[in-house]
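Observations on chain architecture
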Amino acid sequence: TKKPKKVISYLVERKISYRTIRTYNMYYAEEGKYRDRVIIPSYNIQGKINFFVARSIYNALDIMKYIHPSVPKEDIIFNELFITWEKPIILVEGIFDSISINRNSIPLLGSSLSEKSALFKKILNFKPQVILMLDNDQAGKEGTIKTAKLLVSSSERKHLNRLSSWEIKLIKRR
C-alpha cells in the first residue's frame with residue numbers, strides 16, 4: 001500500500017532513522033482516532049508510559065498536527081526516564097526537536113516553561129545547567145525570554161545559556 005511509503009517518507013524527511021524509531025519506541029496508527037499518525041510515547045522515571053504525542057504524517061491545514069491525551073502537560077516531564085539530571089539539560093519546544101538533539105534534552109510541549117510544572121520543580125531541585133534551544137520564531141523568542149526570566153528569578157542560576165543559531169548547528173552535528 002501507499003501508506004507505509006508515506007510514513008517512511010515523512011520520517012526520512014524529519015531525519016528519523018530506524019534506530020531512532022526503535023530507541024523511542026515509535027508506532028504508526030493506521031486506524032482509529034490516531035489514524036495516519038506517528039505515536040511517540042513518553043516514559044516516567046519508573047519506566048511507565050505517562051504521555052504520548054501523536055503527530056500527523058500530513059501537513060494539511062485542516063488536520064490537527066498533534067493529538068495527545070488530555071492530561072495537564074505541566075504534570076509531564078517527557079521521557080524523564082532518559083534524563084540525567086546531574087548533566088546539563090537542553091530545553092526545546094517539541095518532541096522532534098528533542099529527538100534530533102538526542103542528548104539530555106526535554107521538550108516543553110510548548111514554547112515556555114511554567115512555574116507550576118513538574119519540570120520546573122525538578123530543575124529547581126537538581127539545579128542542572130540549563131540550555132534553552134527554543135524555536136527561532138516569535139513564540140520561541142518570547143518563550144526563551146519568559147523561561148530565562150523564570151529560571152533566573154527563581155534560583156541562583158549560574159549556568160543559564162542561550163545558544164545562538166550558529167552554536168545550535170554545532171550541537172546538532174556532534
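In what follows, the accompanying structure is described. Please read all numbers here as calculations on a predicted model, not as lab measurements.

Counting its regular elements, the protein chain contains six helices and eight strands. Across the protein chain, helices and strands are ordered from the amino to the carboxyl terminus as α-α-β-β-β-β-β-α-β-α-β-α-β-α. Looking at the protein chain as a whole, 43% of its 174 residues qualify as buried. Pairs at least 24 residues apart make up 54% of the contacts formed inside the protein chain by residues separated by at least 6 positions. Surface accessibility of the protein chain: about 10700 Å² in total, with carbon and sulfur atoms responsible for 53%.

To continue, consider the packing of aromatic side chains. How two aromatic rings sit relative to each other is set out by the distance from centre to centre and by the angle between their planes. Under the defined criterion, the tally for this structure stands at five aromatic pairs. For the pair F51 and F78, a centre-to-centre distance of 6.3 Å together with 85 degrees between the ring planes defines the contact as edge-to-face. Taken together, the residues span a long stretch of sequence, with F51 in strand β3 (residues 49-56) and F78 in the loop between β4 (66-67) and β5 (89-92) at a distance of 27 residues. Taking relative accessible area as the criterion, F78 reaches 1% and is therefore assigned buried. Taking the centre distance of 5.8 Å and the plane angle of 20 degrees together, the rings of W85 and F126 count as stacked. Placement of W85 in the loop between β4 and β5 and of F126 in helix α4 (residues 118-126) is noted, with a sequence separation of 41 residues between them. W85 gets classed as buried once you look at its relative accessible area, which sits at 5%.

All right, on to unusual backbone geometry then. The phi dihedral of N25 falls on the positive side, at around 55 degrees, and the residue is not glycine. With respect to the element layout, N25 can be found in the loop between α2 (18-23) and β1 (27-29). Given the relative accessible area of 21%, N25 is considered partly exposed. Of note in this structure, N79 is not a glycine but carries a positive phi near 55 degrees. Mapped onto the secondary structure, N79 falls in the loop between β4 and β5.

Strand order in the open sheet formed by four strands is β1-β2-β3-β4, and the pairing between neighbours is antiparallel. Here the strands that pair on one side only, and so sit at the sheet edges, are β1 and β4. Two strands pair when backbone bridges link them, and β1 and strand β2 (residues 37-43) are joined in this way by three bridges, in the antiparallel orientation. Along β2, the bridge assignment pairs Y27 with I39.

Summed over all chains, the structure comprises one salt bridge. Of the charged contacts in the structure, one is a salt bridge between K122 and E80, with a shortest N-O distance of 2.7 Å. Separated by 42 residues along the polypeptide, K122 in helix α4 and E80 in the loop between β4 and β5 bring together distant segments of the chain. For E80, a relative accessible area of 9% translates into the label buried.

What follows deals with the environment of P4. Locating P4 in the fold gives a position in helix α1 (residues 2-13). Taking the relative accessible area as the measure of exposure, P4 reaches 41% and is therefore partly exposed. When the C-alpha positions of P4 and D36 are compared, they lie 9.8 Å apart, and in sequence the two are 32 residues distant.

Attention now goes to the nonpolar core. Counting 18 residues, the largest nonpolar core has M26, I40 and I99 as its most contacted members. Of all the secondary structure elements, the ones that give two or more residues to this core are α1, β2, β3 and α3 (95-101). Residues in contact with M26, not counting those within four places in the same chain, are I16, T20, I21, V38, I39, I40 and I99. Membership of the second largest hydrophobic core comes to 17 residues, among which are I106, I123, L132 and L151.

How each quantity is defined
- What you see as residue numbers is a count from 1 along each chain, following the sequence as written.
- Given that this is a predicted model, residues contribute local features only at a pLDDT of at least 70 and side-chain atom pairs are listed and counted only at 80 or more, while totals for whole chains, interfaces and linings are drawn from all residues.
- Only hydrogens and water are removed before side-chain values are computed, so all heavy atoms of the structure are retained for them.
- Numbering of helices and strands starts at the N terminus; helices are DSSP runs of H or I of at least 4 residues and strands are runs of E of at least 2.
- Only protein chains enter the calculation, and the probe is 1.4 Å; a residue is then buried if its accessible area is under 20% of its type maximum, exposed if over 50%, and partly exposed in between.
- Whether two residues are in contact is decided by their heavy atoms: any pair within 4.5 Å suffices.
- Note on areas: Shrake-Rupley with a 1.4 Å probe; residue coverage comes only from the protein chains shown.
- Paired rings are identified among Phe, Tyr and Trp, the last through its six-membered ring, by centres lying within 6.5 Å, and are further divided according to the angle between planes into stacked (under 30 degrees), edge-to-face (over 60) and tilted (the rest).
- Two strands pair if DSSP finds at least two bridges between them.
- Take a side-chain nitrogen of Lys or Arg and a carboxyl oxygen of Asp or Glu: if they are within 4 Å of each other, that pair is a salt bridge.
- Put simply, buried Ala, Val, Leu, Ile, Met, Phe, Trp, Tyr and Cys residues joined by side-chain atoms within 4.5 Å make one nonpolar core.

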